[in-house]
Every structure is written in structure tokens, then in C-alpha cells.
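# A look at the structure
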Amino acid sequence: MYEEFFGFKELPFNVTPDPRFLYRSVSHRDALAYVTYGVFQRKGFIAMTGEVGVGKTTIVGAFIDLFEPSLEVAFVFSTRFPFDQLLFLICKDFGLEADGLNKAQMLLLLNEFLIRQNEDNRNAVLIIDEAQNLSPDVLEELRMLSNLETRDRKLLQIMLVGQPELETLLNMNELRQLRQRIPGICRISMLDREDVESYIRYRLDVAGRRGNAVHFTSDSFDEVFHYSSGIPRLINILCDRVLLVAYVANTRVVDGRLVREGIRELESPGMSSGKHRAAKPRA
Ligand SMILES: Nc1ncnc2c1ncn2[C@@H]1O[C@H](COP(=O)(O)OP(=O)(O)O)[C@@H](O)[C@H]1O
Ligand SMILES: [Mg+2]
């Protein structure tokens, strides 16, 4: 609704992960490099963690976007499935017909599929998002799954993506065999104050800002940083609201006062105290 007023071609602060808007902070760049290295070196297992909204799924999307032609990807959101159900979803996502098959049959089917992919020089990647929800038993079964290999290479790369609790899970004593397989765990960090500023400027540019149609002052970045703790999702939600506030106020200058106004609006519905944050990240 405010796009035209500011001269945007599209909304700059959409919350859907979109690789075109990928801002490469040092941490996001490292994460992309880690994932790429792990998959193409066929490490078998890789793990990426970070707070809610920090950009994990975005990095996964960017990775797939970059290497799509040489990958065969299955993408699964983990809830608390037993392994059989997870296996069924994996087969489905790889495009395999697994209806009515038992576990052994599904494993056989998957194995044949992976061997074919390998012969075609395609790298099969299983991505499990929200992997902090997996049970230790299921993780142990996944380790067995990653044992599928030819003489010299892993047939399946398993990428575990999740909130910081995933690290605690992987560090459990009973999972030490799995843990030893993972080459470090990549943790995406929140943006610092400078990154928050660059991040906002970058998204405004990608959305097609014309000249100086909208100007964020230095103290506006301070306020956004303070509110969001450098979590991109919170930055997006806030900046979207702030642009709306600016539009309504008929101004193209976003300053600290305007950002605080946006924060008040976000916090007001159903909140008893204005000090409360809607989605306060853990420290
Ligand atoms: N590096 C980044 N560049 C651009 N946008 C990002 C970046 N990281 C996160 N975002 C944005 O923040 C929001 C939340 O990111 P997401 O990947 O869903 O977080 P997570 O999976 O860690 O919860 C998305 O709208 C995404 O576009
Ligand atoms: Mg996510």
C-alpha cells in the first residue's frame, strides 16, 4: 500500500525468505560457505543452528537456489514424528512412491534411488528444518541412514537445521557417534548495529528505492537494533510497520521517534505493558 509513495517496486520487508534479498553478513556468508562445503565434500552430516528468525531457512533457500541443477533435495519440517513417518516423508519428497511400504522396503527404495543419483553425478541432500524437535532415537536412525555409501562417498548428505536447542541435543552423550560425524556446528549470529543498518539499506535498494525517496536517520537504526536485537525477522516486521507509520504521517524521513511510534503500534494490541516485546528473542 505504501510502495508507490516511497517508489518501491515491491515490499522491502516481506517476511517470506527470498534469496534475492539475501544480505550477506559475515555470519550468513560463513553459514552459506559451511553448508556448501559440507554438501559438496560429502561430509554426510552438517548442522546449522540459530535463534528464531535469524535467517536459517533463508540460507538453506539461497544454497538450493545457487546449486539446484546438481542437487536432488528433500526438504522436511520436523515435528515429533517416529522414524517410519519421517522416512515416508523423505521418500515422498524425493518423489518416490512409498505408499504402503514398510520400513525395510522404504530403506531399500531410498538406497536404490541414492545409487542412481550418485551414478548421475547428482548430490542427494536431505534437509531437516526445525530439527531441534527430533528425538534422540530418530537422530540415531538418521545416522544409520547416512551409512548408505559407496566405497568412497556418502550417498546422502543430511543437513540438520534448528534452534539453539539442537546443539544441546547433539551434545547428548548417547548421540556422541553422530556428533563426531558433524564437522563443527555452524551457528548463525544476530546482526550487530552496523549490520542492521546495512541490512536495512540493502533491502531498501533491492526493493527498488529511487534516489532518496526514503531516508532512515542514524538514530532510527539505533532504535531498530535495540528493539530487534539484530534478528532479521523482527527487523522486517518493525520496518514494515515503520514505513506504514511514515506513509500515514506523509513523510519520507524515518527517524528514531517514528521507529518508537512503530514499536508502540506493534506492541499495543492486547498488551498490558508497552515495555513488552511481541517476540522477544532469547539473550
Ligand atoms: N541474511 C538475510 N538477508 C535477508 N533477509 C534475511 C536474512 N536473514 C533473514 N532474513 C529475513 O528474516 C526473516 C526470517 O528468516 P528465516 O530464514 O525464516 O529465519 P529462521 O529460519 O532462522 O527462523 C525472513 O523474512 C528473511 O527474509
Ligand atoms: Mg526457519
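Residues numbered from 1 in each chain as written. Chains lettered and ligands numbered in written order. Predicted model: local features only at pLDDT ≥ 70, side-chain atom pairs only at ≥ 80, totals over all residues. Heavy atoms only, no water.

### Some details on the packing of helix α9 (residues 193–206) against helix α11 (residues 232–248)
The packing of two helices is summarised by the inter-axis angle and the distance between the axes. Inclusion rule: As a rule, the C-alpha atoms of each element are fitted with a line to give its axis, helices using only the stretch in contact, and angles between N-to-C directions run from 0 to 180 degrees. Numbering goes from the N terminus for both helices and strands, where a helix is a DSSP run of H or I of at least four residues and a strand is a run of E of at least two. We call two directions roughly parallel when the angle between them is under 35 degrees, roughly antiparallel when it is over 145, roughly perpendicular when it lies between 65 and 115, and oblique otherwise. A crossing counts as left-handed when the near helix is turned anticlockwise from the far one by less than a right angle, and as right-handed when that turn is clockwise. Residues are treated as being in contact if the distance between any of their heavy atoms lies within 4.5 Å.
Put simply, α9 and α11 touch, their axes get as near as 11 Å, and they point 55° apart. On the basis of the axis angle, α9 is oblique to α11. Taken as a pair, α9 and α11 cross one another with a handedness that is right-handed. Facing Val 196, Tyr 199, Ile 200 and Arg 203 of α9, the residues of α11 in contact are Pro 232, Ile 235, Asn 236 and Cys 239.

### What about the layout of surface pockets?
Our working definition: Both cavities and pockets are sets of points on a 1 Å grid over the protein atoms alone; in a cavity a 1.4 Å probe fits but cannot get out, in a pocket the set is open with protein on both sides within 12 Å along at least five of seven lines, and lining residues sit with an atom within 4 Å of a point. Grid points are joined across faces, edges and corners, and a volume is the space filled by probe spheres set on the points. Lys, Arg, Asp and Glu make up the charged group, whereas Ala, Val, Leu, Ile, Met, Phe, Trp, Tyr, Cys and Pro make up the nonpolar group; the residues left over, Gly among them, are polar. All domain edges in this entry derive from an automatic or database-based domain assignment.
Quantified by volume, the largest pocket comes out at close to 420 Å³. Pro 17, Gly 53, Gly 55, Thr 58 and Arg 233 are, among the 25 residues lining the largest pocket, the residues nearest its centre. When residues of the lining of the largest pocket are traced back to their parent elements, those giving at least two are α3 (56–67), α9 and α11. When its residues are assigned to classes, the lining of the largest pocket shows 10 nonpolar, 9 polar and 6 charged. Counting the residues that make up the lining of the largest pocket, at least three belong to each of domain 1 (26–187) and domain 2 (191–267).

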